[in-house]
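Commentary on secondary and tertiary structure
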Amino acid sequence: LTGVLDDCLCDIESIDDFNTFKIFPKIQKLQERDYFRYYKVNLKRPCPFWADDGHCSIKDCHVEPCPESKIPVGIKAGSSNKYSKAANNSKEFEDCEQANKLGAVNSTLSNQSKEAFIDWARYDDSQDHFCELDDERSPDAQYVDLLLNPERYTGYKGPSAWRVWNSIYEENCFKPRSVYRPLNPLAPSRGGDDGESFYTWLEGLCLEKRVFYKLISGLHASINLHLCANYLLEETWGKPRWGPNVKEFTRRFDPAETKGEGPRRLKNLYFLYLIELRALSKVAPYFERAVVDLYTGNGHEDAESKALLLDIFRDTKSFHMHFDEKSMFAGEKKGAKSLKEEFRLHFKNISRIMDCVGCDKCRLWGKLQTQGLGTALKILFSEKEIQSLPENSPSKGFQLTRQEIVALVNAFGRLSTSIKELQNFKVLLQQTR
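For clarity, every value in this text was computed on a predicted model and none was experimentally measured.

1. Concerning the overall build of the protein
Tallying secondary structure elements over the protein gives 15 helices and four strands in all. Within the protein, counting contacts between residues at least 6 apart in sequence, those at least 24 apart form 79% of the total. Accessible area for the protein stands at about 19,100 Å²; split by element, carbon and sulfur atoms hold 52% of it.

2. As for the state of the cysteines
Taken as a whole and judged by the stated rule, the model has one disulfide. Residue Cys 47 pairs covalently with Cys 356 via a disulfide, S to S 2.0 Å. Note on the Cys 47 and Cys 356 pair: the S-S dihedral is about 75 degrees, so by sign convention the disulfide is right-handed. One end of the pair, Cys 47, is in the loop between β1 (38-42) and α3 (73-78); the other, Cys 356, is in the loop between α12 (333-353) and α13 (360-380), with 309 residues separating them in the sequence. A relative accessible area of 15% places Cys 47 in the buried class.

3. Observations concerning the UniProt feature "binding site: FAD" (unreviewed entry) in the protein
Feature annotation in UniProt assigns "binding site: FAD" (unreviewed entry) to the following positions: Arg 152, Thr 154, Trp 165, Ser 217, His 220 and Arg 252. Take Arg 252: it is sitting in helix α9 (residues 246-253). On the accessibility criterion, Arg 252 (18% relative accessible area) is buried. Among all residues touching Arg 252, those that are not within four sequence positions of it are Asn 224, Cys 228, Thr 258, Gly 262 and Arg 265.

4. Remarks on the environment of Leu 232
Considering the arrangement of structural elements, one finds Leu 232 in strand β3 (residues 231-236). Under the relative-accessibility criterion, Leu 232 is labelled buried at 16%. Sequence spacing of Leu 232 and Asn 245 is 13 residues, and the spatial spacing of their C-alpha atoms is 8.5 Å.

5. So, the pairing of strand β4 (residues 239-243)
Bridge analysis of β3 against β4 gives five bridges, and the strand direction is antiparallel. Among the inter-strand pairings, Tyr 231 is bridged to a residue of β4, identified as Gly 243. Turn length for the β3-β4 hairpin, with the two strands adjacent in sequence and antiparallel, is two residues, and the turn residue Trp 237 shows positive phi of about 55 degrees.

Each value, and the rule that gives it
- Residues numbered from 1 in each chain as written.
- Predicted model: local features only at pLDDT ≥ 70, side-chain atom pairs only at ≥ 80, totals over all residues.
- Heavy atoms only, no water.
- Helix = DSSP H or I, 4+ residues; strand = E, 2+ residues; numbered from the N terminus.
- Contact = heavy atoms within 4.5 Å.
- Areas by Shrake-Rupley, 256 points an atom, 1.4 Å probe, with all protein chains shown as cover.
- Disulfide = S-S within 2.5 Å.
- Buried < 20%, exposed > 50% of the residue type's maximum accessible area, 1.4 Å probe, protein only.
- UniProt positions renumbered as here; feature names shortened; annotations may be inferred.
- Pairing = 2+ DSSP bridges.

Rendered as structure tokens:
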């Protein structure tokens with residue numbers, strides 16, 4: 001893969017260099033810190049669209065929830081039921097007050113707390129989310145240590161996995177059913193159509209709908225890359241050996257094996273990377289305020305985590321070839337607003353489809369990466385609100401929950417890893433030739 005990406009003025013080589021030398025080492029380090037490694041998720045939510053029939057072929061599908069004793073006290077207190085009035089009287093809230101913290105925000109004056117509750121409730125009720133969010137108060141919502149449950153090949157495939165991706169592409173990518181989309185290039189095409197009519201049709205779409213498709217395709221490519229790079233190569237005496245599987249990578253991405261589809265998917269991965277990179281640079285002012293603290297209860301660790309995050313923001317701002325989101329939804333006001341709402345609802349629906357994934361580990365990482373992308377979109381469409389944030393009080397008009405922050409950083413970390421793994425596969429392929 002070389003050259004300039006469609007719909008933006010950025011070349012692949014620049015992204016490779018920037019990711020390898022600046023972003024990847026730092027984002028890896030950040031993901032290992034306590035604030036970012038614990039993610040609260042409900043893996044028992046029923047599929048809202050069909051009876052779940054998926055199952056995994058290997059035991060590595062299982063997700064091990066975190067025992068309460070392992071969760072840092074600040075994270076447990078900070079993610080208590082902070083949106084309800086009852087939280088004012090709960091023990092967790094007292095813990096928060098005692099530590100002078102409130103979720104991801106350090107409320108330095110206790111009389112600001114009530115104001116923050118009202119503001120958060122009002123903000124949370126506003127319809128600006130791009131994702132269907134898990135209810136953290138549900139007894140089924142559990143903390144998961146992401147470092148102990150890495151994303152990798154699970155053997156989850158067949159009709160259940162196919163149905164999930166097919167539903168995402170066919171029903172949510174602004175596509176008429178008459179246009180054949182080559183979801184699986186190895187599947188028989190309809191009539192004489194090899195999928196090229198889909199790309200002809202895609203080129204005729206407005207930028208926003210093209211972008212939507214590329215984001216989903218890029219996410220799909222990234223997930224497939226993780227599975228190829230962290231594949232179960234063998235299991236002897238109960239000891240699994242994981243590593244890159246070149247044959248699987250070739251099957252999914254080689255131009256000859258995928259009828260030219262593979263390189264297109266990988267280009268969409270780079271496009272998605274640029275979108276999330278842009279969101280990180282845009283949200284920097286939110287975190288640069290002294291009032292925002294990545295609170296776990298360990299002051300030294302929290303200060304180091306924030307310093308590392310701000311360092312990554314400086315790097316994202318230094319990249320000169322960002323995607324320009326101002327070109328989106330820029331037409332006639334009423335039409336632009338309606339299109340943006342349609343865009344948001346389509347994406348929200350995709351986040352609900354993640355509850356239909358039949359493998360727990362795939363569901364965990366699918367939900368996290370979808371929520372990360374949804375948070376990135378929320379940021380890109382809230383630029384004015386972010387720029388007008390007050391310096392020394394809880395945010396009004398724009399607020400990120402700890403869940404959104406954790407999802408945003410880990411989702412971008414996954415994309416950064418994908419691009420790094422792609423470099424590794426290039427080397428492995430050269431060695432096998």
